[in-house]
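Letter by letter, the chains look like this.
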Amino acid sequence: MSLPERQTDIGPPHYEKFLPPVIKKNYGKWAHHEVLSGGTMVHVAESGDKLYTVRVASPRILSTDTIREICEMAEKYSDGYLRFTTRNNVEFLLSDQSKMAPLLAELKDKKYSVGGIGPRISNIVHTQGWVHCHSACTDASGIVKSVMDELHDYFTTKTLPNKVRLAVACCVNMCGAVHCSDIAVVAIHRKVPVIDHETVGKMCEIPTTVSSCPTSAIRPNPKTKSITINEEKCMYCGNCFTVCPPIEIHNPQQDGVAIVVGGKVGSLRTDPKFSKLAIPYIENEPPRWPKVVAAIKNILDVYAANAKKHERVGEWIERVGWEDFFKLTGIPFTFQHIDDFTFMRDTLRNSAAFKY
Amino acid sequence: MGGKYKTPMLDELEKGPWPSFVTEIKKAAKRTEMADDELGQVEKSYVTKRGYWKHGGIVGVLGYGGGVIGRYSSLPNEFPGIAHFHTVRLNQPSGFFYTAEALKMIMDIWDKYGSGLTNMHGSTGDLVLLGTTTENLEVLFAEYSSRGWDLGGSGSAMRTPSCCVGQARCEWACIDTMAICNEVTQYYQDQLHRPSFPYKFKIKVAGCACDCVAAIARADLSIIGTWKDNIRIDQAEVKKYADGGMNIQAEIVEMCPTACMSYDGKTLKVNDAQCSRCMHCIAKMTKALKQGKVKGASILVGSKAPIVVGSLLSWVVVPFMELEAPFDNLKDLADKMIEWWDDNAKPRERIGELIEVKGMRPFLEAIEMPPVPQQVKYPRKDPFFFWSESDFN
Amino acid sequence: MEQTEIQEKIFAYMQQMKGKKKLKEKDIIKKIMEESGDDKDTVKKALRAMIDVGKVMYSYGGGSSSVEIPSEEYLKEKGLI
């Protein structure tokens, strides 16, 4: 069988091919929108036309079977038009309101979770984990599933002071906006890498490996034609492993996750913020990471009970102060919380006015 | 097929209301040995608490260096189905819009040549096809490209640009994010498919300060829609919000970060000269408040994740520029940024890191932007600074 | 210089550096510009023509992309050497 003729550099198909007629007609002319329920909303155009959106959770890893099933529902209820969100939800785009109820019924019947709109928890942005990544030191999908099972009501119905954006990164490379999330999990190493000197000598460029270290802990070792690591300087970032895989950073018994809080990506109301360290280490406990789930639930509950309406997690913490955050959540404050990397001078307190 | 492995750990993750990735892998495992062996290897990872993947190498489609990421099981004898398990990135349409027909076509081809597993979508934005063999790559590429679908970026290259839903569905989009995204994607096809940069370069386009695509957190070049003139207020709609129970004083006026609003119980006023265009009031009262009509974008540069010396958020470099198709001013600006970066960066150095090393001045001079107060939170505090000859004229 | 001559120089340089340093596209272009006296675009075009037929290929490892010579079996099979 001969192959069809390949084309190069054509780029993605133009999006116009995939827009429902109601969007084509009202493109750039939307007037306002209204959230109808945890997972449905209506956008109203200046022309009066309406577009109904039904948002559904996905685990991001989808089989072709499930995608076909979603497509079939789109054909039945939204003239075949659908989109995905930046947080990996599926959205059915309906121009006919009367089709919304039967779509919701079929989704319920097939056990899809409808939600993620408004002051709630949307899908968790996450990385590949053990499913598909060489540098993962936890499994992102397993943590996401365990956390979202626990917080499911906050996706579908229950509301919070504002939206809460969660993320999970399976190592510090952070292929997701973990560094700017309301509450996020990032997997970390805690032990100096173990070096396979023979392979390092054969496989790796020594100067590149030396310069990959952000704390200058790596020196060339001419004797072994490999490198040595100054254990006192190593902060276990794993960048040396990335440029030179025989420098083994993984340590299954000591690797685990940290929890960071208070970040946001948008400039809405307050500046974008980095997430900051709340809990430096929780061990990996597959399959359901109960301590991680409990820690996130605790932070979320304290936020929900204490934040003002419209305050994001980071805005609430900045208003009450980090000393209050640790008091209210009961999270112990440790040496790991005090920055001794790049931002120490910006993060230590100068003022003599603070709370107990 | 399927069911080769007992997976008591993963089976636990099929319980509960949230959709299960394990169920998805099991569905594919009924049809492909790849997905079945994937299931077996992930179960093993759950027992031993470690991953078993290697990546990299010469793997891709002829002529391209991007769009395919080589992935191999480090236990090929135990899990032969995933000895090769490469990722293929298909460049998503702007805004992640699809028709069922197009998606089903993509799935039909993937079922023929791959594991049956996908990510909808990857972190950068591509439609990710998870797991195929080296020998199937050219076939896949011919099948997809002949139907109008191309690969996305990977490696030290322009990465697949992405954007928020923009004017397709959102009343707050100050710029046509999907058109911009599509246009720059087409413009940078060569740099996207043939890695010739010092490191990755990401572009994200958000229609307003809400930044639903995390452009300021996650893109080397962050494009954020904004406006310049006065907020338009419909007082009749303001009254409806008040009548509907909104505490306008507490929720809007007192939460305005620049304290530029007032409300006397009847009329809502904005001191537009003091407004920072943060979107809070507009987002909360979308029927009553509209942005001005002079719209464009703020351009920020430099964000990245923590590796190597800590994460960065993008910095404002051009406070306002008008963006109309075909967006030549944006392309010209991006070209200048990339050229300066490409000329000066070490391997694996992102543009934000290079600006930190070289200083903002040479960067601004390279993109021909003057210094303006909008670029800083506050000016320099210590009295050490450079003077160059041009400052004495 | 003729394109084929430039390409021979590129291939020879890449063989010489094999196993010593991962070469980025830019490293190769810079080196050959010095050797041949041709401009950047000419050298880049010659290199890209080699990449298009698979005589040399993009590779990824150690966190970044480079250009490499594929295996001898591959080059023989495709009639490229």
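Residues numbered from 1 in each chain as written. Chains lettered and ligands numbered in written order. Predicted model: local features only at pLDDT ≥ 70, side-chain atom pairs only at ≥ 80, totals over all residues. Heavy atoms only, no water.

Participant: Give me the lowdown on unusual backbone geometry, citing residues and values where you can.
Facilitator: The step from Met120 of chain B to His121 of chain B runs through a cis peptide bond, and the omega angle for that step is 5 degrees. Tracing the sequence through the fold places His121 of chain B in the loop between strand 6 (114-120) and strand 7 (127-132). Residue Pro326 of chain B is bonded to the preceding Ala325 of chain B through a cis peptide linkage, with omega at 5 degrees. Residue position: Pro326 of chain B is located in the loop between strand 16 (315-321) and helix 12 (328-344). Located in the positive-phi region is Asn88 of chain A, a residue other than glycine, with phi close to 70 degrees. Inspection of the secondary structure assignment puts Asn88 of chain A in the loop between strand 5 (81-84) and strand 6 (90-94). Backbone geometry places Met279 of chain B, a non-glycine residue, at a positive phi of 80 degrees. With respect to the helices, strands and loops of the structure, Met279 of chain B is situated in the loop between strand 13 (268-270) and helix 11 (280-284). (Helix = DSSP H or I, 4+ residues; strand = E, 2+ residues; numbered from the N terminus.)

Participant: Talk me through helix 6 (residues 177-187) of chain B; I want residue IDs and the actual numbers.
Facilitator: All names here are of chain B. Among the 11 residues that make up helix 6, eight are buried, leaving the element largely enclosed by the rest of the structure. Among the residues of helix 6, Thr177, Met178, Ala179, Ile180, Cys181, Asn182, Val184 and Thr185 are the ones counted as buried. Of the surrounding secondary structure, the elements contacted by the buried residues of helix 6 are strand 5 (97-99), strand 8 (162-163), helix 7 (189-193), strand 9 (203-206) and helix 12. (Buried < 20%, exposed > 50% of the residue type's maximum accessible area, 1.4 Å probe, protein only. Contact = heavy atoms within 4.5 Å.)

Participant: Describe the side chain of His189 of chain A, naming the residues involved and giving the relevant values.
Facilitator: All names here are of chain A. Relative to the elements of secondary structure, His189 occurs in the loop between strand 9 (183-188) and strand 10 (194-195). Classification of His189 by relative accessible area gives buried; the value is 9%. A polar side-chain atom of His189 sits 3.5 Å from the main-chain carbonyl oxygen of Ile249. Apart from residues lying up to four places away in sequence, His189 is in contact with Cys137, Tyr236, Ile249, His250 and Asp255. (Polar contact = N/O pair within 3.5 Å; in protein donor to acceptor, adjacent residues only side chain to side chain.)

Participant: Run through the packing of helix 2 (residues 64-77) of chain A against helix 4 (residues 100-113) of chain B, naming residues and quoting values.
Facilitator: Two numbers describe how helix 2 of chain A lies on helix 4 of chain B: the axes approach to 9 Å, and their chain directions differ by 160 degrees. By the angle class used here, helix 2 of chain A and helix 4 of chain B are roughly antiparallel. Relative to helix 4 of chain B, the crossing made by helix 2 of chain A is left-handed. Of helix 4 of chain B, the residues touching helix 2 of chain A (which contributes Thr64, Ile67, Arg68, Cys71 and Glu75 of chain A) are Ala100, Glu101, Leu103, Lys104, Met107, Asp108, Trp110 and Asp111 of chain B. Of the residues contributing to the contact of helix 2 of chain A with helix 4 of chain B, the split by class is six nonpolar, one polar and six charged. (Axes fitted to C-alpha atoms, helices over the stretch in contact; angles between N-to-C directions. Parallel < 35°, antiparallel > 145°, perpendicular 65-115°, else oblique. Left-handed = near helix turned anticlockwise from the far one by under 90°. Nonpolar A, V, L, I, M, F, W, Y, C, P; charged D, E, K, R; others polar.)

Remember, this is a structural readout, not a statement about activity or role.
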